Amino acid sequence: MAEQDVTSELRGEALWVTLNRPSVRNALSRAVNLRLQEIAADLEQRDDVRAVVLTGAGDKAFSAGADLKERRGVPAADSLSFVNAIGGAINAFGEIRKPTLCAMNGSAYGGGLELAMACDFRICVDTAEMGLTEVRLGIIPGAGGTQRLPRLIGEARAKELILLGRRITAAQALGYGLVHQVVPAARLAATVEAWLAELGACAPLSVSSAKSAIERGHGKSLDDGLAIERECYEVTLYSEDRDEGLAAFAEGRPPRYQGR
Ligand code: COA
């Protein structure tokens, strides 16, 4: 991998991770996928990071998905290791316990959209288009797309996008509930910062526990889901930040959360 194919930079308490291969529309090479997995794994030890922003370099694409040039010529049997690398990267991002925000600086296709979908929030520029185009390439989404898209937007819309390999605009994606906000490119960074500031006002342990409750409860019976919620609640119940939240409320001042 070229040294700078993925860059990461701590800005305040957010780690900004940038896919940096704009000349190939930030396509996800095997090396990029392995690096993304490393970054996600490192985050477990990073107490200085409260949120993660994933974005792409350039103004054309967040990511055009799997590196199709790298895949070409790879025998079908060997290509499974490429599929595992991209799936591993996307799962690793999905498993980050801190809040994750995808700043979609441009279009997202295939694995690029699957990666965006593994984040908690998607803020998208108004010129972006997106889709899971795999059926047009003789394959199917193989890094979580068939599972994450219906969970996010419902089965009917997911079938429309996946079975037709349709590309939709940012405005349509907003209407489908696939992205959270659409902004002109010039306002992307400031909008992301505003979301980060809002997150910054929340207790970190609460955010990660609530995230875990939502994700672990998915597909469970109500009773099982409520048991998971109770377990996640208890993580916050005995935290210093819970005491700080109550004290700050009583004293009429903003809380100073420590994440413990
Ligand atoms: N893998 C490898 N290279 C890719 C790529 C991918 N997924 N997507 C784009 N590129 C390369 C192009 O081959 C081109 O390289 P070249 O300059 O050597 O010819 C370069 O990136 C620019 O692509 P181009 O299509 O000219 O840019 P664009 O801005 O007009 O369009 C896209 C960008 C993303 C809309 C378009 O490239 C595209 O549709 N890519 C395929 C997306 C896709 O179906 N992904 C699914 C993967 S499963």
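Coordinates for the structure precede this section.
A brief structural summary. (Residues numbered from 1 in each chain as written. Predicted model: local features only at pLDDT ≥ 70, side-chain atom pairs only at ≥ 80, totals over all residues. Heavy atoms only, no water.)

1. Describing the sheet that holds strand E3 (residues 51-56)
1) Next: Strand order in the open sheet made by the six strands is E1-E2-E3-E5-E7-E10, with mixed pairing throughout. Each edge of the open sheet is held by one strand with a lone partner, namely strand E1 (6-11) and strand E10 (181-183). Going from strand to strand, the sheet's axes swing by 20° on average, the running direction of each strand aside.
2) Next: Summarising the sheet, strand E5 (residues 100-104) and strand E7 (residues 121-125) pair through four bridges and their orientation is parallel. Among the inter-strand pairings, Leu101 is bridged to a residue of E7, identified as Phe121. (Pairing = 2+ DSSP bridges. Helix = DSSP H or I, 4+ residues; strand = E, 2+ residues; numbered from the N terminus. Axes fitted to C-alpha atoms, helices over the stretch in contact; angles between N-to-C directions.)

2. A short note on the sheet that holds strand E8 (residues 129-131)
1) Next: Overall, mixed pairing links the four strands, which are arranged E4-E6-E8-E9 in an open sheet. This sheet does not close on itself; its edge strands, each paired only once, are strand E4 (61-63) and strand E9 (168-169).
2) Next: Here two bridges tie E4 to strand E6 (residues 107-109), and the two strands are oriented parallel to one another. What sits directly across from Ser63, in E6, is Ala108.

3. A few points about the pattern of salt bridges
1) Next: As enumerated under the stated definition, the model contains 17 salt bridges in all.
2) Next: A salt bridge links Arg50 to Glu13; the nearest nitrogen and oxygen atoms lie 3.7 Å apart. Pair noted here: Arg50 is in the loop between helix H1 (30-42) and E3 and Glu13 is in the loop between E1 and strand E2 (14-19), with a separation of 37 residues, a long-range link.
3) Next: In this structure, Arg35 engages Glu38 in a salt bridge whose closest nitrogen and oxygen atoms are separated by 2.7 Å. One end of the pair, Arg35, and the other, Glu38, are both in helix H1, three residues apart, so they sit about a helical turn from each other.
4) Next: Several salt bridges converge on common partners, so that one network encompasses Asp5, Arg21 and Asp67. (Salt bridge = Lys/Arg side-chain N within 4 Å of Asp/Glu carboxyl O.)

4. What to know about the site of the ligand
1) Next: Lining the immediate environment of the ligand, one finds 15 residues, of which Arg25, Ala64, Ala66, Leu68 and Lys69 sit closest.
2) Next: In the environment of the ligand, a nitrogen atom lies 2.9 Å from a nitrogen or oxygen atom belonging to the backbone of Leu68.
3) Next: Lys69 places a side-chain nitrogen or oxygen 2.9 Å from an oxygen atom of the ligand.
4) Next: Here the ligand, which alone exposes 880 Å², has 63% of that area covered by the protein.
5) Next: Grouping the constituent residues of the shell around the ligand by class yields seven nonpolar, two polar and six charged. (Near = heavy atom within 4 Å. Polar contact = N/O pair within 3.5 Å; in protein donor to acceptor, adjacent residues only side chain to side chain. Areas by Shrake-Rupley, 256 points an atom, 1.4 Å probe, with all protein chains shown as cover. Nonpolar A, V, L, I, M, F, W, Y, C, P; charged D, E, K, R; others polar.)

5. Regarding the packing of helix H5 (residues 145-153) against helix H6 (residues 155-164)
1) Next: The interhelical angle for the contact between H5 and H6, taken along N-to-C directions, is 135°, at an axis separation of 7 Å. Comparing the axis directions of H5 and H6 gives the class oblique. In this structure, H5 crosses over H6, and the sense of that crossing is right-handed. Side by side, H5 and H6 meet where Gly145, Thr146, Leu149, Pro150 and Ile153 of the first sit next to Glu155, Arg157, Ala158, Leu161 and Ile162 of the second.
2) Next: Its residues assigned to classes, the contact of H5 with H6 comprises six nonpolar, two polar and two charged. (Parallel < 35°, antiparallel > 145°, perpendicular 65-115°, else oblique. Left-handed = near helix turned anticlockwise from the far one by under 90°. Contact = heavy atoms within 4.5 Å.)

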